[in-house]
Amino acid sequence: MACGADIVRRVSDRLPIAVLVSGTGTNLQALLDTVHTREAEVVAVASSVGGVQALERAGAAGVPSAVFARGDYAERSARDDALADWLHERGARLIVLAGYMELLGDGFLARFPGAVINVHPSLLPAFPGIGAIEQALAYGVTVFGVTIHFVDAGIDSGPVILQRAIELPHARDPAEVLSALRPLEHQLLPEAVHLIARGALRSDPQNPRRTIVGLAADHLPGG
Ligand code: GRF
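Report follows, based on the coordinates. Every value quoted in this text rests on a predicted model; they were computed, and no experiment measured them. (Residues numbered from 1 in each chain as written. Predicted model: local features only at pLDDT ≥ 70, side-chain atom pairs only at ≥ 80, totals over all residues. Heavy atoms only, no water.)

Overall, mixed pairing links the seven strands, which are arranged 3-2-1-4-5-6-7 in an open sheet. In this open sheet, the two strands that pair with only one neighbour each are strand 3 (65-67) and strand 7 (160-167). Taking the axes of each pair of neighbouring strands and ignoring which way they run, one obtains an average angle of 20° across the sheet. Relative to strand 4 (residues 94-97), strand 1 (residues 15-21) is paired through four bridges, and the arrangement is parallel. Each bridged residue has a counterpart across the sheet, and for Leu20 the counterpart in strand 4 is Leu97. (Pairing = 2+ DSSP bridges. Helix = DSSP H or I, 4+ residues; strand = E, 2+ residues; numbered from the N terminus. Axes fitted to C-alpha atoms, helices over the stretch in contact; angles between N-to-C directions.)

The structure is reproduced here in structure tokens:
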């Protein structure tokens, strides 16, 4: 997979990013509070659901937003096309799924090759899909965590970018785990955007599942 190769850019530019949401948008807020107007520019927020708090957050930050509800389109591919068209019009080069509760098809991913990332509240490949925290609690794990990964056609199956773990040996309640994971998400997602904006992520030629973190020679001063 391209693994962000086509979004490698000069260090001085701001990377135009779009954030896809479905709910409260605390991860969107983390991006707005950190990388936005610095190394990145949030140029669009698209929601799969109308009236959610994430849209209010976009409005408060002066970022254009739109709703692309699955039910407004005869097929998912038509929704994906309309969404991709709008994101392209807005100039987005990186698409960040931040609590986006819809699947995106191959057609959408082909429009942004290697440039779609997601935040997931588990240490993938454990507990992909919905209800990750509930799955982890039911399994009885004592270590929880967060994964930032590239999005491919599968469910939470693309190459890992960053992961962070936290030990919660006594956790029983999903809400308690979520509130422990929130700070990790809000730290890791901006960190991943920061690395991509700096051109500091590349795919390991030995193993495309691995993402190498570090500036390539042509991004180093004088390179
Ligand atoms: C986060 O827990 C994220 O890991 C999951 O959905 C949640 C979104 O939260 N994919 P928010 O809308 O960013 O507050």
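With respect to the helices and strands, Ile17 occurs in strand 1. In this structure, the C-alpha to C-alpha distance between Ile17 and Ala115, residues 98 residues apart in sequence, is 9.7 Å. Every residue in contact with Ile17, bar those within four places of it in the chain, is listed here: Ala40, Glu41, Val42, Val43, Ala44, Ala92, Leu94, Val96 and Val193. (Contact = heavy atoms within 4.5 Å.)

Nothing here speaks to function; it is all geometry.
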